[in-house]
Amino acid sequence: MTTRTSTATRPPGHPPSEARDAPGWGMWKDGGAEHPDRGGTMSATPKPPEPGRLNIGVVSAGRVGSSLASALRAAGHTITGACAPSQVSRERLEAMLPGVPAMDPVDVAASCDVLLLAVPDDELGPLVAGLARLQAFAPGQLVVHVAGRFGVGVLDPAAQLGAMPLALHPAMTFTGTSLDVARLAGCPFAVTAANTLL
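Since the structure is predicted, the reported quantities are computational estimates derived from the model, not experimental observations.

Neither face of strand E6 (residues 142–145) is open: one carries Leu142 and Val144, the other Val143 and His145, and all of them are buried. The sheet contact formed by strand E5 (residues 114–117) and E6 spans 4 bridges and is parallel. Of the residues in E6, the one forming a bridge with Leu116 is Val144. Crossover handedness for the path E5 to helix H4 (residues 121–133) to E6: right-handed. Pairing geometry for E6 and strand E7 (residues 164–170), over 4 bridges, is parallel. Along E7, the bridge assignment pairs His145 with Ala167.

With that settled, consider unusual backbone geometry. With an omega of 5°, the peptide bond running from Val59 to Ser60 counts as cis. Among the secondary structure elements, Ser60 is positioned in the loop between strand E3 (55–59) and helix H1 (63–74). Its identity is not glycine, yet Gln135 carries a phi of approximately 55°, on the positive side. You can see Gln135 is positioned in the loop between H4 and E6.

Scanning all chains against the criterion turns up 2 salt bridges. Between Arg149 and Asp121 there is a salt bridge, with its nearest N and O atoms 3.9 Å apart. A residue pair is termed long-range when its members are at least 10 positions apart, and Arg149 in the loop between E6 and helix H5 (156–159) and Asp121 in helix H4 qualify at 28 residues. Given the relative accessible area of 56%, Arg149 is considered exposed. The residue Arg183 makes a salt bridge to Asp180 at a minimum N-O spacing of 3.1 Å. A residue pair is termed a helical-turn pair when its members lie 3 or 4 positions apart in one helix, as Arg183 and Asp180 do in helix H6 (residues 179–184) at 3 residues. Using a relative accessible area of 39% as the deciding quantity, one classes Arg183 as partly exposed. Judged by relative accessible area, Asp180 falls into the buried class, the value being 0%.

Within the open sheet, the 6 strands sit side by side as E4-E3-E5-E6-E7-E8. Their pairing is mixed. Edge positions in the open sheet fall to strand E4 (78–83) and strand E8 (189–193), since each of these has one partner strand only. Neighbour-to-neighbour, the strand axes of this sheet turn through a mean angle of 20°, independent of strand direction. Direction of pairing for E3 relative to E4: parallel, over a ladder of 5 bridges. In the strand pairing of E4, Val59 is matched with Cys83.

What follows concerns the nonpolar core. Counting residues in each nonpolar core, the largest one holds 29 residues, and the members touching the most others are Ile79, Leu93, Leu97, Val144 and Leu184. At the level of elements, E3, H1, E4, helix H2 (87–96), E5, E6 and E7 are the ones that each hand at least two residues to this core. If you tally residues by element for this core, the top one is H1, at 4 residues. Once residues within four sequence positions are removed from consideration, Ile79 is found in contact with Ile56, Val58, Ala69, Leu72, Arg73, Leu97 and Val100. Ranked by size, the runner-up nonpolar core spans 24 residues in total, among them Val59, Val106, Leu127 and Phe137.

Cut-offs used in this document
Residues numbered from 1 in each chain as written. Predicted model: local features only at pLDDT ≥ 70, side-chain atom pairs only at ≥ 80, totals over all residues. Heavy atoms only, no water. Buried < 20%, exposed > 50% of the residue type's maximum accessible area, 1.4 Å probe, protein only. Helix = DSSP H or I, 4+ residues; strand = E, 2+ residues; numbered from the N terminus. Pairing = 2+ DSSP bridges. Right-handed = clockwise from strand over helix to strand, strands pointing away. Salt bridge = Lys/Arg side-chain N within 4 Å of Asp/Glu carboxyl O. Axes fitted to C-alpha atoms, helices over the stretch in contact; angles between N-to-C directions. Core = buried A, V, L, I, M, F, W, Y, C linked by side-chain atoms within 4.5 Å. Contact = heavy atoms within 4.5 Å.

Below, the structure written as structure tokens:
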């Protein structure tokens, strides 16, 4: 994977963590079952990444998100936080990304300059729309999704707020275990983005 350095900053009036209490924000699906958002505690503001390294947030810590984040951390990037709304995803977060705090989606977005959205295809559109309504995307922030059904159009609400959308499609089946990290090294990816990002 290639890396880029971002100087994205939070826009004035970025929503506080209380925005997570907005209607419809409290339920997440994981493995077909609904779970109340258990929130999480934000850590201190992450330190600036080293040159060529990025601060990356993940929504959510499912099989794909946790595996990609683990591989990115192994490559030297900082994982600032991850959404882990169910007990299963919290256990996966602890196993795959020890030390990474569990946060709600708004706080994850506020913590990073690259936001990785790894949720089921049918949840991606509502998630992006909800984050956009809460002004959770920042100008210059790279917003990446891995939903096989979509290109970058599903990220239009983020782009309208100045974020840079990118669709990333790894051609492999994920187990949500450490086995995936080694397999990702030789995995082909399809990438859809504006020419300026490719």
